[in-house]
Amino acid sequence: MVSIKTIAEECGVSIATVSKALNGHKDISETTRSFVCETAKKLGYMPNSQARALKTNKSYLIGVLLADKAENGLTHVYFSAVIDSFKREMEKSGYDIVFISEKIGDRTMSFYEHCLYRNVDGVLAACVDFDSAGVQELIKSSVPLVAVDYTEKGVCSVVSDNKNGMNDLVNYIYSLGHRRIAYIYGDDSQVTSARVNAYINTLKMLGIKPDENYLRYGKYLDCASAEILTRELMKLPTPPTCIIYPDDYCAISGLEVIKKHAEDSPCGKISVAGYDGLLASRIKSLSLTTVKQDTHSIGTNAARLLKRVISKEDIPEDEMVSVVRGFLISGQTTGIMP
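Residues numbered from 1 in each chain as written. Predicted model: local features only at pLDDT ≥ 70, side-chain atom pairs only at ≥ 80, totals over all residues. Heavy atoms only, no water.

Visitor: Which residues make up the pairing of strand S1 (residues 61-66), and what values go with them?
Guide: In terms of burial, S1 is largely enclosed, as five of its six residues are buried. Across five bridges, S1 lies against strand S2 (residues 96-100) in parallel orientation. Its bridge partner lying in S2, Leu-65 is registered against Ile-100. Pairing geometry for S1 and strand S5 (residues 122-126), over five bridges, is parallel. By the bridge assignment for S5, Gly-63 is matched with Val-123. (Buried < 20%, exposed > 50% of the residue type's maximum accessible area, 1.4 Å probe, protein only. Helix = DSSP H or I, 4+ residues; strand = E, 2+ residues; numbered from the N terminus. Pairing = 2+ DSSP bridges.)

Visitor: Give a description of the pattern of salt bridges that names residues and reports values.
Guide: As enumerated under the stated definition, the model contains 13 salt bridges in all. A salt bridge links Glu-30 to Arg-33, with the shortest nitrogen-to-oxygen separation between them at 2.7 Å. Of this pair, Glu-30 and Arg-33 are both found in helix H3 (residues 30-43), three residues apart, which corresponds to roughly one turn of the helix. When its relative accessible area of 26% is taken as the criterion, Arg-33 is described as partly exposed. A salt bridge links Glu-152 to Lys-140, with the nearest nitrogen and oxygen atoms 3.8 Å apart. (Salt bridge = Lys/Arg side-chain N within 4 Å of Asp/Glu carboxyl O.)

Visitor: Break down the nonpolar core for me, with residues and values.
Guide: If you look at the biggest cluster of nonpolar residues, it comprises 35 residues, and the most contacted ones within it are Met-166, Leu-169, Val-170, Tyr-199, Ile-243, Ile-244 and Tyr-245. At the level of elements, helix H8 (162-175), strand S8 (181-185), helix H9 (190-205), helix H10 (223-234), strand S10 (242-244), helix H11 (248-261) and strand S11 (271-273) are the ones that each hand at least two residues to this core. Aside from chain neighbours lying at most four places away, what touches Leu-169 is Ile-244, Ala-273, Gly-274, Tyr-275, Thr-289, Val-291 and Leu-328. Listed in part, the 30 residues of the second largest apolar core include Tyr-60, Val-82, Ala-303 and Ile-310. (Core = buried A, V, L, I, M, F, W, Y, C linked by side-chain atoms within 4.5 Å. Contact = heavy atoms within 4.5 Å.)

Visitor: Summarise the packing of helix H5 (residues 77-91) against helix H13 (residues 295-310); cite the residues concerned and give the values.
Guide: Here H5 crosses H13 at 45°, and the two axes come no closer than 7 Å. Relative to H13, H5 is oriented oblique. Once H5 is placed against H13, the crossing between them reads as right-handed. Within the contact between the two elements, H5 uses Tyr-78, Ala-81, Val-82, Ser-85, Phe-86, Glu-89 and Met-90 and H13 uses Thr-295, His-296, Ile-298, Gly-299, Thr-300, Ala-302, Ala-303, Arg-304, Leu-306 and Lys-307. (Axes fitted to C-alpha atoms, helices over the stretch in contact; angles between N-to-C directions. Parallel < 35°, antiparallel > 145°, perpendicular 65-115°, else oblique. Left-handed = near helix turned anticlockwise from the far one by under 90°.)

Visitor: Lay out the packing of aromatic side chains in plain terms, naming residues and giving numbers.
Guide: Within this structure, the stated rule accounts for six aromatic pairs. Taking 4.8 Å as the distance between ring centres and 70° as the angle between the ring planes, the aromatic pair formed by Tyr-78 and Phe-79 counts as edge-to-face. Both residues of the pair, Tyr-78 and Phe-79, belong to the buried class. Residues Tyr-183 and Tyr-185 carry aromatic rings whose centres are separated by 6.3 Å and whose planes lie at 55° to one another, so their mutual orientation is tilted. Members of the aromatic cluster, connected to one another through ring pairs, are Tyr-183, Tyr-185, Tyr-199 and Tyr-217. Lying across the ring of Tyr-174, Arg-179 places its NZ or CZ 3.7 Å from the centre. Sitting over the ring of Tyr-275, Arg-195 keeps its end group 3.7 Å from the ring centre. (Phe/Tyr/Trp six-rings, centres within 6.5 Å; stacked < 30°, edge-to-face > 60°. Lys NZ or Arg CZ within 6 Å of the ring centre and 35° of its normal.)

Just distances and angles here, no functional claims.
Structure representation (structure tokens):
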């Protein structure tokens, strides 16, 4: 294993000079610093993480809390994309990622205890039940934390602009001539509340009285639930002409039901819109109308904000919450009403 002493001997300088060069001290010349760093890289030098932790009092570990009710974990397309961008940005500053849970082997512990056990420098909390006692314990602890899609006084967070996203989507569907617009919404959360309220308020602004028959409780990423609710909506005496789903996966499942049973519906084929935009960006032939959330900016902003929290920066109140707007993708799954 290459040591600082090896680098010093190769460069013909003292161990102290090598240490200063590798740690970015300014009392050595830029020429010497560059020469030492290039030599270290050529020799394959890697700093000892334990030694660095003792010296800096930092572990350079970041905990990621990803524990959704449906236990989708990293298969959750939206949050996995956010975490990927978050990870890339944190790695630029030398941080590694570790996932936080309530279990290590056979041992059960709280999220907060797990953070202490791993000695993490900070935590990203995404896709969790923020009202649970375990999550609230962590939020109220001294561990630096940034939340995704959750706001609370005193908590730094990055949120997708679900209000304007839904507003744009409903306005677009309205512009195509649709007036009977249904919405299947997901599990109870701040995200769901923002979208439902935006859906109702946008309809009112457009002069449409919201119909409770068109507003159905479903679940995120639950295709079976989406299929059942789609059939229920199609069987209404006056079915909707367009259905908005909680996510793209549910929208695709609903679309398949509509294709199979269009002849059984009084209005025939029903238009479909999703939310997230991640599938639409991967499957070009799908042409799904949806709202694409900017997961790159959400993850990157969360990482940058967490680094500020870790460094104990005095963050102004108006900078504690970063709102990231997505954009509408108009696809072929929403047709123009005659």
